Amino acid sequence: MDEKMIIASRVARELKSGMLVNLGIGLPTLVAQLLPDDLAVDFQSENGLIGLEPLPFEGLADDDLIDAGGRLVSASAGAAAFDSAMSFGLIRGGHMDVTVLGGLEVDENGHLANWMVPGKMVPGMGGAMDLVAGAKRVIVAMTHTAKGAPKVVPTCTLPITSSRRIDLVVTEMAVIEPTDEGLVLRETAPGVSVADVLAATSARLVVPETVGVMPI
Amino acid sequence: MTKLIELSDVVEKIPNGASLMIGGFLAVGAPLRLISEIERQGKRDLTIIVNDTNRAGKGVGKLIAAKAVRKVIASHVGTNSDTQKQLLAGEIEVELVPQGTLAERMRAGGVGLGGFLTPTGVGTLVEEGKPVIEVDGRSYLLEKPLRADFALVSAAQADHRGNLVYALTARNFNPLMAMAADTVIAEPHLIVPVGCLPPDSVVTPGAVVDYLVAREPHHG
């Protein structure tokens, strides 16, 4: 399993039937493919749909139906379409159970940075600031390091996405939970030791007596 | 009475320097014929209010490539390499607005509200220059309404009164923009006779729509 599949399959275990879930562009969208068949999760797309599904067959695409990353998708039976104000009303209004977002950095305060690198890359926040501010639970799905540099850091060096503390970080090496006591190391990936995680992390991690093994 | 107008005639009404809300999420629900005609007529110094600038040279990206745009107000410009280049070179002004705040600022502009309080952006760069107001122990940013000289919207269907119906994710910002501009130009995929649209299916009432772009003639 490559690192993205490890992350996505661990995140998939956080989703339960009946939840309304928004998956960010990129790595998080992999999560939808890894859900067990008997799990009934409603996926929301911020461009105006609840009931997002992959295209069942090539050639069935509707030009008016894409996900937030621009991929042609399908709408499930019982899907609902709405405008952008309603879409973000759902997001800010506490109706979204979980959002899964990519990340550039997460720090000891549980702050996420994921929308710009000043002077280098300014894509913009899209819906990320609203999602972090408004979703009941925010899960960050990201690789543990970028070109060898830790992404779990003492304080974000990049502009943060929200002052809200995110709920869980899932990487290919570990599951980390931001708490009042700091970043708690909950799980390590199979074959990865606590020492490996600490070596790849510049933030201070709280290591409990028992650290679980990531079920993937 | 119909609101029908030829594409070139309606675009001639847009002066250089105008502010335009342009519907669409990437190219879905974008008024692509209006955008192409604005480029063809060589408009300059435009301010565009959009969710995104699509991809380089495509859809609204044509206006960026043609350097027709002075300022962009958008939530995301990462999918268009031209916008990135012009932004990093200081050739274009970009105001980034969180997507939900962008939608709600348009809504406020269209429905006569003086602004709204949102938790989105508190404690981030978005907070700069904005009043932070506490309500029942939670902090919010005061965000102001947004309006434009023109709204260019795409719709699945219109009747000749200008009533608009949208399809799936092509709805996005279009109904909000249709409320928030001095002049509203709709580009429907199909125009049907008055009486054909069930009143309950109409999302944008024709009362706010000024012009309907005539369909391209099809021969054979």
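Rules used throughout
Position labels on residues start from 1 in each chain and follow its written sequence. Lettering for chains starts from A, numbering for ligands starts from 1, and both go in the order in which the items are written. Where local features are concerned, this predicted model is filtered to residues with pLDDT of at least 70; where side-chain atom pairs are given and counted, the filter is 80 or more; whole-chain, interface and lining totals use all residues. Secondary structure elements are defined from DSSP: runs of H or I of at least 4 residues count as helices, runs of E of at least 2 residues count as strands, and each element is numbered from the N terminus. With C-beta atoms placed from the backbone, a residue is labelled by how many other C-beta atoms lie within 10 Å of its own: buried for 20 or more, exposed for 12 or fewer, partly exposed between the two. Whether two residues are in contact is decided by their C-beta atoms, placed from the backbone, lying within 7 Å. We call Asp, Glu, Lys and Arg charged. Ala, Val, Leu, Ile, Met, Phe, Trp, Tyr, Cys and Pro are nonpolar, and the rest, Gly among them, are polar. Note on pairing: DSSP must find at least two bridges between two strands before they are called paired. Joining buried Ala, Val, Leu, Ile, Met, Phe, Trp, Tyr and Cys residues through C-beta atoms within 7 Å gives a set, and that set is a nonpolar core. As a rule, the C-alpha atoms of each element are fitted with a line to give its axis, helices using only the stretch in contact, and angles between N-to-C directions run from 0 to 180 degrees. By this rule, a helix spans an expected 1.5 Å times one less than how many residues it contains. For this classification, under 35 degrees means roughly parallel, over 145 means roughly antiparallel, 65 to 115 means roughly perpendicular, and everything else is oblique. Should the near helix be turned counterclockwise from the far one by less than a right angle, the crossing is left-handed, whereas a clockwise turn marks it as right-handed.

A. Structural context of the overall build of chain A. Helices and strands together make up the secondary structure of chain A, namely four helices and 16 strands. By its C-alpha atoms, chain A is 50 × 40 × 30 Å across when sized along the principal axes. Looking at the 216 residues of chain A, the share that counts as buried comes to 47%. Counted over contacts in chain A with a minimum sequence separation of 6, partners at least 24 positions apart contribute 65%.

B. Representation of the interface of chain A and chain B in the model. Counting residues at the interface gives 32 residues for chain A, matched by 36 residues for chain B. Of all elements in the fold, only β4 (74–81), α2 (84–92) and α3 (128–134) of chain A reach the threshold of two or more residues within the side of chain A that touches chain B. With five residues, α2(A) is the single largest residue contributor to the side of chain A that touches chain B. Of the residues belonging to the side of chain A that touches chain B, the class tally is 15 nonpolar, 11 polar and six charged.

C. A look at the pairing of strand β9 (residues 148–159) of chain B. Residue and element names in this part refer to chain B. Within β9, nine of the 12 residues are buried, leaving the element largely enclosed by the surrounding structure. Alignment of strand β2 (residues 19–22) against β9, held across three bridges, turns out to be parallel. Bridging from a neighbouring strand, Leu20 pairs with Phe150 of β9. Bridging between β9 and strand β11 (residues 181–192) involves 10 bridges; their strand directions are parallel. Counted as the bridge partner of Ala151 is Val184 from β11. Where β9 meets strand β10 (residues 164–165), two bridges bridge the pair, whose relative direction is antiparallel. If you follow Gln157 over to β10, its bridge partner there is Val165.

D. Structural context of the nonpolar core. With 123 residues, the main nonpolar core has B:Met21 and B:Ala151 as its most contacted residues. Those residues in contact with B:Met21 that lie beyond four places of it in its chain are B:Ile49, B:Met106, B:Ala148, B:Ala151, B:Leu152, B:Met177, B:Ala180 and B:Ala181.

E. The arrangement of the sheet that holds strand β7 (residues 112–113) of chain A in detail. All names here are of chain A. Taken in spatial order, the three strands make up an open sheet running β7-β6-β11, and their pairing is mixed. With one partner strand each, in any of the chains shown, β7 and β11 (152–153) form the two edges of the open sheet. Sheet topology note: the strand β6 (residues 105–107)/β7 ladder contains two bridges and is antiparallel. For Val106, the partnering residue across the bridge sits in β7 and is Leu112.

F. The arrangement of the pairing of strand β14 (residues 182–188) of chain A in detail. All names here are of chain A. Pairing geometry for strand β13 (residues 174–179) and β14, over six bridges, is antiparallel. Bridge assignment links Pro178 to a residue of β14, and that residue is Leu183. Counted between consecutive antiparallel strands, the loop separating β13 from β14 contains two residues. Across two bridges, β14 lies against strand β15 (residues 205–206) in parallel orientation. The residue of β15 that forms the bridge with Leu183 is Leu205.

G. Quick peek at the sheet that holds strand β8 (residues 138–143) of chain B. Residue and element names in this part refer to chain B. The sheet built from three strands is open, its strands ordered β6-β8-β7 with antiparallel pairing. The open sheet has two edge strands, β6 (116–118) and β7 (132–135), and neither has a second partner. Taken pair by pair, the neighbouring strands of this sheet meet at an average axis angle of 45°, ignoring direction. Examined bridge by bridge, β6 and β8 share three bridges and lie antiparallel to one another. Directly across from Thr118, in β8, lies its bridge partner Leu141. Lying over the sheet, helix α5 (residues 99–111) contacts β6 and β8, oriented at roughly 170° with respect to β6.

H. Region of interest: unusual backbone geometry. Residue and element names in this part refer to chain B. Phi angles above zero are rare outside glycine, and Asp45 is one such case at about 55°. Residue position: Asp45 is located in the loop between α2 (32–40) and β3 (46–49). Judged by the 13 C-beta atoms lying within 10 Å of it, Asp45 is partly exposed. One non-glycine residue, Asn54, adopts positive backbone phi at about 55°. Residue position: Asn54 is located in the loop between β3 and α3 (61–65). Here Asn54 falls in the buried class, since 28 other C-beta atoms lie within 10 Å of it.

I. Expanded view of α5(B). The end-to-end C-alpha distance of α5(B) is 18 Å, a good match for the 18 Å that 13 residues give at a rise of 1.5 Å each. Burial of α5(B) is extensive: 12 of the 13 residues sit out of reach of the surface. Burial in α5(B) covers these residues: B:Gln99, B:Gly100, B:Thr101, B:Leu102, B:Ala103, B:Glu104, B:Arg105, B:Met106, B:Arg107, B:Ala108, B:Gly109 and B:Gly110. Next to the buried residues of α5(B) lie α2 and α3 of chain A together with β2, β6, β8 and α6 (174–177) of chain B. B:Gly112 lies just past α5(B) and shows a positive phi near 80°.

J. Seen up close, the packing of α2(A) against α5(B). Look at α2(A) against α5(B): their axes get within 9 Å of each other, and the N-to-C directions meet at 125°. The angle between the axes of α2(A) and α5(B) places the two elements in the oblique class. α5(B) is crossed by α2(A), and the crossing has left-handed handedness. Within the contact between the two elements, α2(A) uses A:Ser84, A:Ala85, A:Phe88, A:Ile91 and A:Arg92 and α5(B) uses B:Gln99, B:Gly100, B:Ala103, B:Glu104 and B:Arg107.

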